[in-house]
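Chain by chain, the residues run as shown.
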Amino acid sequence: MSRKPVIAITADNIMVRDIMPAAVAYSVYTDAVIHAADALPWIVPPVAESLDIDALLDRVDGIIFTGARSNIQPQRYQGKVAPENTVQDPHRDATTLPLIPKVIDAGIPMLCICRGIQELNVALGGTLHQDVPNLPGKLNHFPPEDWSIEQRFANYHDIIFEPDSELGKLAAAKTTRVNSVHEQGIDRLAGDLAVEARAPDGIIEAVRVRNSKAFAAGVQWHPEWDWRSHSLNAKIWAGFGAACRGIQGSE
């Protein structure tokens, strides 16, 4: 039997019952790794400098930078002070932001989702909009909290692929429809990133790392949510899984 690739999944730091700290990764990510990417999940705790990055990268075949309820701390990209009620996760920031450049340098396949695409941009020197829904002329990319989980993650808006976009080639289309559950979004794009797709309001929805050694892409939507019914999302997971198995031409 051939060895299945091991895919690391970044976790959030949360408090259980307000008393017990825990490292948490949502089950939709582990489900997608197991079934859509045909791989084994390995959850990476947000332990900052305690994480031996070199040892981690020596043992995994790919890594997912996941979505999260928290926003990246604005001081990480010289942004304005966030409102008091903004959910943040400094433990995760201190873990993922130093990790991303090392993953790229090591040529390990990487898929960055929602918060993950924002981490990718910040780690490479870009900046973020802190509150996309309240930007003039932008769609409300963050649905109401009182909506059901199915409503919140339903396909919400189209994305428009850039000319010669790798994702566009994968989708075999000029547009497709995706879900949208995010407050932050890319503002100034990092120089090492190329735009793959945008929302109709101009918000960047997908990027790739220029001249990367391996699969290295980020999407602002949640392909882990509906890959069983969404053709492009299924192809993203299959391509990422193939890259983690070392199969060429899987980007």
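Everything numeric here is computed off the predicted structure, so don't read it as measured data.

Quick notes on the rules
- Residues numbered from 1 in each chain as written.
- Predicted model: local features only at pLDDT ≥ 70, side-chain atom pairs only at ≥ 80, totals over all residues.
- Heavy atoms only, no water.
- Core = buried A, V, L, I, M, F, W, Y, C linked by side-chain atoms within 4.5 Å.
- Buried < 20%, exposed > 50% of the residue type's maximum accessible area, 1.4 Å probe, protein only.
- Helix = DSSP H or I, 4+ residues; strand = E, 2+ residues; numbered from the N terminus.
- Phe/Tyr/Trp six-rings, centres within 6.5 Å; stacked < 30°, edge-to-face > 60°.
- Lys NZ or Arg CZ within 6 Å of the ring centre and 35° of its normal.
- Contact = heavy atoms within 4.5 Å.

(A) Main features of the nonpolar core. Within the largest apolar cluster, 31 residues are counted, with the highest numbers of intra-cluster contacts made by Ile7, Ile64, Ile113, Leu167, Trp221, Trp237 and Phe240. The set of elements that each furnish at least two residues to this core consists of strand 1 (6–10), helix 1 (27–36), strand 6 (110–113), strand 8 (157–161), helix 6 (166–171), strand 13 (216–219) and helix 7 (231–244). Sorting elements by how many residues they give to this core places helix 7 first, with six residues. If you look at the next biggest cluster of nonpolar residues, it comprises 27 residues, including Leu99, Ile104, Val195 and Ala216.

(B) Region of the structure containing the environment of Gly137. Note on placement: Gly137 falls in the loop between strand 7 (128–129) and helix 5 (149–152). Spatially, the C-alpha atoms of Gly137 and Asp201 are 7.0 Å apart, while their sequence positions differ by 64 residues.

(C) Summary view of the packing of aromatic side chains. Here the structure, examined in full by the defined rule, presents three aromatic pairs. Relative to Phe240, the ring of Phe215 has its centre 5.4 Å away and its plane inclined at 55°; by these criteria the two rings are tilted. Placement of Phe215 in the loop between strand 12 (204–209) and strand 13 and of Phe240 in helix 7 is noted, with a sequence separation of 25 residues between them. No difference in accessibility class separates Phe215 from Phe240, as the two residues are buried. Look at Trp237 and Phe240: their rings are 6.4 Å apart centre to centre, the planes differ by 70°, and that puts the pair in the edge-to-face class. Here Trp237 pairs with Phe240, and both are found in helix 7, just three residues apart, close to one helical turn. Exposure remark for Trp237: the relative accessible area of 0% places this residue in the buried category. Its relative accessible area of 0% is what places Phe240 among the buried residues. A connected cluster of aromatic rings, assembled from ring pairs, spans Phe215, Trp237 and Phe240. Taking NZ or CZ as reference, Arg152 lies 5.2 Å from the ring centre of Phe142, over its face.

(D) Quick peek at the environment of Lys235. Positionally, Lys235 belongs in helix 7. Along the primary structure Lys235 and Leu167 are separated by 68 residues, whereas in three dimensions their C-alpha atoms are 9.4 Å apart. Those residues within four positions of Lys235 in sequence are excluded, and the remaining contacts are Leu170 and Ala171.

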